[in-house]
Amino acid sequence: MARVGVLTGGGDCPGLNAVIRAIVRKAVGAHGYDVLGFRNGWAGVLEDDAVELDLDNTRGILPRGGTILGTSRTNPYALDGGGERARETLARREIDCLIPIGGEDTLGVARRLAEEGVAVVGVPKTIDNDLSGTDFTFGFQTAVQIATDAIDRLHTTAESHNRVIVVEVMGREAGWIATYSGMAGGADAILVPERPFDVDEVCERIRRRHLTGRTFSIVVAAEGAVPRGGDGPRASEQVDAFGHARLGGVAVELEHQIEERTGYETRMTILGHVQRGGTPTAYDRVLATRFGVAAVDAVAEEAFGEMVALHATEIERVPLADALAQSKLLDPRLYETAEVFFG
Ligand code: F6P
């Protein structure tokens with residue numbers, strides 16, 4: 001092994017730079033490998049747009065949000081001859097193993113390339129925490145902390161104005177961010193995609209709460225939360241190269257519905273990309289660093305087609321195929337614990 005490629009794909013995520021730094025430190029420092037960073041996810045592989053990474057140009061990036069390599073939602077397999085073009089670049093650049101850092105989409109491309117004979121080792125990334133095979137992904141804890149801080153702030157203004165405030169958080173089709181931040185922030189209701197909601201029930205719960213003397217309520221809604229028997233709103237009609245719709249707007253609908261049904265003044269806040277920006281928490285920096293080092297260990301041991309993963313407190317490896325078999329949805333037991341505090 002002499003030359004390792006790295007890319008970051010999909011939505012950016014706090015901790016990506018920490019992984020890049022760790023990969024370079026271990027690959028260069030311990031093994032003397034060269035490291036080539038492809039810019040803007042799979043787009044950089046298709047366009048052969050890359051930069052040599054070394055100890056100098058990856059110094060000081062540990063706490064920095066975003067990714068120094070840039071990212072995109074480019075899917076080579078959605079383009080004519082894209083898979084072949086990606087393989088050609090990797091061969092021309094003499095990449096012995098590629099380390100894609102990404103979620104199910106980016107790693108799905110990696111798995112296909114692996115099936116076509118490319119040596120890859122995956123690193124799991126997503127604020128949504130919806131990737132199977134790993135207990136947690138880095139970035140999730142940071143997103144939860146940002147959402148929790150926001151909920152804390154919304155609490156004081158909701159209380160001052162005697163209002164209901166609906167807070168919409170990210171998470172795609174999984175309710176992890178909503179449930180963790182809702183629990184940490186003391187939400188009175190948490191709406192998640194895994195449990196379609198009935199707005200009348202939500203209103204009844206708020207009404208009951210207010211009858212006991214409370215004058216405000218906080219509802220945390222995952223962007224993918226859907227009404228029972230219906231569809232949730234979409235932020236756009238367009239889908240990305242992996243077929244994902246742009247979610248967003250459920251809080252807008254809930255604001256109107258709750259105010260209309262309960263008569264309580266209601267406001268909503270959509271946290272959006274604030275949850276993905278800025279510096280990673282200490283936990284995510286450490287997890288990202290451990291993943292980066294473990295990925296280089298996997299490269300050295302030629303554990304190709306695998307993904308590094310967190311199992312309890314240990315970093316282990318799982319086949320990419322297992323990690324991508326299905327999304328990791330919210331643990332119902334966690335939601336049941338959160339429910340104890342509703343209303
Ligand atoms: O997967 C991470 C994520 O932030 C989701 O929570 C969200 O639905 C999506 O990405 C937003 O994507 P974009 O940044 O392309 O709008």
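Here's a quick rundown of the structure. Predicted, not measured: the structure shown is a model, and the values here were computed from it. (Residues numbered from 1 in each chain as written. Predicted model: local features only at pLDDT ≥ 70, side-chain atom pairs only at ≥ 80, totals over all residues. Heavy atoms only, no water.)

## Notes on the nonpolar core
Note that soluble globular proteins tend to have their nonpolar side chains buried in a common cluster.
Here is step 1 of the chain: Ranked by internal contacts, the top residues of the largest apolar core, which has 63 residues, are I101, V123, F138 and I218.
Here is step 2 of the chain: Setting aside its immediate chain neighbours within four residues, I218 contacts I151, L154, H155, A158, I165, V167, A187, D188 and A189.
Here is step 3 of the chain: Among the nonpolar cores identified, the runner-up in size contains 24 residues, and L107, L113, V118 and V120 belong to it. (Core = buried A, V, L, I, M, F, W, Y, C linked by side-chain atoms within 4.5 Å. Buried < 20%, exposed > 50% of the residue type's maximum accessible area, 1.4 Å probe, protein only. Contact = heavy atoms within 4.5 Å.)

## Digging into the site of the ligand
Here is step 1 of the chain: Around the ligand, the neighbouring residues are R73, I127, D128, M170, G171, R172, E223, H273 and R276.
Here is step 2 of the chain: Interatomic distance of 3.1 Å between a backbone N/O atom of G171 and an oxygen atom of the ligand.
Here is step 3 of the chain: Between the ligand and the protein, one listed contact pairs an oxygen atom with a side-chain N or O atom of H273 at 2.8 Å.
Here is step 4 of the chain: A total of 400 Å² of accessible area belongs to the ligand in isolation, and the protein chains cover 82% of it.
Here is step 5 of the chain: For the shell around the ligand, the residue count by class is 2 nonpolar, 2 polar and 5 charged. (Near = heavy atom within 4 Å. Polar contact = N/O pair within 3.5 Å; in protein donor to acceptor, adjacent residues only side chain to side chain. Areas by Shrake-Rupley, 256 points an atom, 1.4 Å probe, with all protein chains shown as cover. Nonpolar A, V, L, I, M, F, W, Y, C, P; charged D, E, K, R; others polar.)

## Points about the packing of aromatic side chains
Here is step 1 of the chain: Counted by the stated rule, this structure contains 6 aromatic pairs.
Here is step 2 of the chain: Ring geometry for F138 versus F291: centroids 6.4 Å apart, planes at 65°, classification edge-to-face. Taken together, the positions of F138 in the loop between β5 (121-124) and α5 (140-161) and F291 in helix α9 (residues 282-300) put the pair 153 residues apart, joining distant regions of the chain. Across this residue pair, the class does not change: F138 and F291 are buried.
Here is step 3 of the chain: Taking the centre distance of 5.8 Å and the plane angle of 80° together, the rings of Y335 and F342 count as edge-to-face. Grouping residues by exposure puts Y335 and F342 together as buried.
Here is step 4 of the chain: Each residue in the set F136, F140, W176 and Y180 is aromatic and connected to the rest through ring pairs, giving one cluster.
Here is step 5 of the chain: We note R209 situated over the ring of F216; from NZ or CZ to the ring centre the distance is 5.0 Å.
Here is step 6 of the chain: In this structure, K328 packs its charged tip against the face of W176, placed 5.5 Å from the ring centre. (Phe/Tyr/Trp six-rings, centres within 6.5 Å; stacked < 30°, edge-to-face > 60°. Helix = DSSP H or I, 4+ residues; strand = E, 2+ residues; numbered from the N terminus. Lys NZ or Arg CZ within 6 Å of the ring centre and 35° of its normal.)

## Quick word on the sheet that holds strand β2 (residues 34-38)
Here is step 1 of the chain: Read from one edge of the open sheet, 7 strands run β3-β2-β1-β4-β5-β12-β13, paired in mixed fashion. Of all strands in the sheet, those bounded by a partner on one side alone are β3 (50-53) and β13 (314-319). Across the sheet, the axes of successive neighbouring strands diverge by a mean angle of 30°, strand direction being ignored.
Here is step 2 of the chain: As judged from the 4 bridges shared by β2 and β3, these two strands associate in the antiparallel manner. By the bridge assignment, F38 is partnered in β3 with A50. (Pairing = 2+ DSSP bridges. Axes fitted to C-alpha atoms, helices over the stretch in contact; angles between N-to-C directions.)

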